[in-house]
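Okay, here's what each chain looks like letter by letter:
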Amino acid sequence: MRKLLSLTLMALAGSSVFAGGYRVAMQGQKQLAMGHTGVAVVNSAEVAFFNPAGMAYLDKKFNVSVGANALFANVKFQNSTYNWTAESKNVGTPFSVYATYRLNDWLTAGLAVYTPYGSAVDWDQDWEGAHLVNNIDLKAIFVQPSVSVRLGEHFSLGGGVIYASGSVNFNRNLSTNPLISDAEGNPTDVTLDAKGISAWGYNVGMMFNPTDKIRLGMNYRSKIVMEARDGDATYHDAPAFNPLTNTTFDADLPLPAEFTTGLSVQITDKWMVAFDYNHTMWSAYKALDVKFGNGTESINPRNYKDASTYRFGTQYKANEKFTFRAGYYFDESPVQDGYFAPETPRNDSNAFTGGLTYQLNDKFGIDLSFLYIHFDEIDNSYDHSTDPISGQANPSFGGTYKSVVFSPGIGITYGF
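What you are looking at is a predicted structure, and each value in this text was computed from that prediction instead of being measured. For every chain, the first residue of the written sequence is number 1, and numbering continues from 1 along that sequence. In view of the model being predicted, local features appear only for residues whose pLDDT reaches at least 70, and side-chain atom pairs are presented and counted only at 80 or more, with totals across whole chains, interfaces and linings using the full set of residues. Each side-chain value is worked out from all heavy atoms of the structure, with water and hydrogens disregarded.

Secondary structure elements are taken from DSSP: a helix is a run of H or I of four residues or more, a strand is a run of E of two residues or more, and numbering for both begins at the N terminus. Helix and strand counts for the protein stand at three helices and 21 strands. Throughout this description, buried means an accessible area under 20% of the type-specific maximum (1.4 Å probe, protein chains only), exposed means over 50%, and partly exposed covers the range between. The 416 residues of the protein split such that 53% are buried. Restricting to contacts in the protein with at least 6 residues of sequence separation, those with at least 24 account for 69%. A total accessible area of about 17,300 Å² is found for the protein, and carbon and sulfur atoms account for 57% of it. In what follows, residue pairs with any heavy atoms lying within 4.5 Å of each other are defined as contacts. Working definition of accessibility: Shrake-Rupley area with a 1.4 Å probe, residue cover restricted to the visible protein chains.

Set out below in structure tokens:
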């Protein structure tokens, strides 16, 4: 029985911790305000993330951009058949730090530190979907040193390595069976905790400027496999007939490769527009192999599909002090029907952005941004849960999910 419980819990928990629902697209205040476009935009040190090839075209020798957001997410769940309702309200604080330095006329070095995965979901303890998840908290920091090589006036290349470091904390009930509880009737649950998860990847980019008004850009980020080793599982409210021994687990958690291409057009001296197309290869995430300290192993199906994001942005420089920005993007969900689990409650979404820069002087500016994401309402289910006691498939768990995200942000830019 202990092996069955460990097997099921680890497989279900590990599969979600780096899933698409926890992607945080907030890597820069200027570019976020422009619909998160940036692969062909040279605005600030933020280009170190969006396309390191663009660092070569920054006007100033040294550039730094620092920013942070307050992310407010709300998810509502309803199953009208059984009159179930639940709600998850969460706050996140993604941040970013970018710096570039021109070593000579053709070589620029840069460093990007950012949090592309850092969200959370927190349902009421022991809610109707507690056998899938009660709460999950994911934290990850990426460190990306890069270089940019300028090959003449119109073309540049850039790239570097990516070091990812993170942790995850996850809690869920063991079973829908009411007998799996303590003497007071509290359902038995487990907390899974893994720290020090790390991995390496790389990114490469190019930028081409056919005229002084048009930029074209491309950027590729490799797949990164986060290797969780010796994670801890701690049981709570265990039944008297089976006290449950804590155990460990190993799991390889893939972050898929992605490719972004786009262009920017300087329509006038004051007005610029930009478009990015991003394609993420989520289809590589078919299942997750989980190995346990007791020697057992499980494969948990996810069967994600490739997903694309279409981003549009514009910038208007009103005067030497104020620059205004706005944008929109449509983001496809990688989750297929029948795999919609409440630890990744996301669907296709429409995002609206805006912001401005107030330039205090030639060196120092303050950036403001806001983001509103409306996820399409969806009625879907997760059909692949197995009861750890009987080994039989659980009934599908599903209902209607409504999700929104709002996030204000602030940052500073400095250069000389």
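With that settled, consider the pattern of salt bridges. By convention in these notes, a salt bridge is any Lys or Arg side-chain nitrogen within 4 Å of a carboxyl oxygen on Asp or Glu. Inspection of every chain in the model, using the stated rule, returns eight salt bridges. In this structure, Lys-89 engages Glu-87 in a salt bridge whose closest nitrogen and oxygen atoms are separated by 4.0 Å. Lys-89 sits in the exposed class, given a relative accessible area of 60%. Lys-402 is paired through a salt bridge with Glu-377; the nearest N and O atoms lie 3.8 Å apart.

Judged by side-chain polarity, Ile-267, Trp-271, Tyr-316, Phe-322, Phe-324, Tyr-358 and Leu-360 come together as a nonpolar surface patch covering roughly 610 Å² of accessible area. Along the polypeptide, Tyr-358 turns up in strand 19 (residues 349-359). Overall, the relative accessible area of 32% leaves Tyr-358 in the partly exposed class. Like charges within 9 Å and nonpolar side chains (Val, Leu, Ile, Met, Phe, Trp, Tyr) within 5 Å are joined into patches, using only residues over 30% in relative accessible area that form no salt bridge.

To continue, consider the side chain of Asn-69. Here Asn-69 lies in strand 1 (residues 62-69). Classification of Asn-69 by relative accessible area gives buried; the value is 4%. When near neighbours in sequence (up to four residues on either side) are disregarded, Asn-69 contacts Met-26, Gln-29, Leu-32, Gly-92, Thr-93, Pro-94, Ser-369, Ser-407, Pro-408 and Gly-409.

Further remarks concern the packing of aromatic side chains. Stacked, tilted and edge-to-face pairs are distinguished by plane angle, under 30 degrees for stacked and over 60 for edge-to-face with tilted covering the rest, among Phe, Tyr and Trp rings (Trp via its six-membered ring) whose centres lie within 6.5 Å. By the definition in use, this model includes 22 aromatic pairs. Ring centres of Phe-77 and Phe-397 lie 5.3 Å apart, and the angle between their planes is 15°; this geometry places the pair in the stacked category. Of the two residues, Phe-77 sits in strand 2 (residues 71-79) while Phe-397 sits in strand 21 (residues 397-415), which places them 320 residues apart along the sequence. Members of the aromatic cluster, connected to one another through ring pairs, are Phe-77, Tyr-82, Trp-84, Trp-123, Trp-127, Phe-340, Phe-397 and Tyr-401.

With that out of the way, let us pick up the pairing of strand 2. DSSP calls a pair of strands paired once it identifies at least 2 bridges connecting them. One ladder, built from nine bridges, connects strand 2 with strand 3 (residues 84-92); its direction is antiparallel. Its bridge partner being in strand 3, Leu-71 is matched across the sheet by Gly-92. The turn joining strand 2 and strand 3, which pair antiparallel and follow one another in sequence, is formed by four residues; a positive phi near 60° is taken by Asn-83. By the bridge criterion, seven bridges tie strand 2 to strand 21 in an arrangement that is antiparallel. Across the sheet, residue Val-75 finds its bridge partner in strand 21, namely Ser-403.

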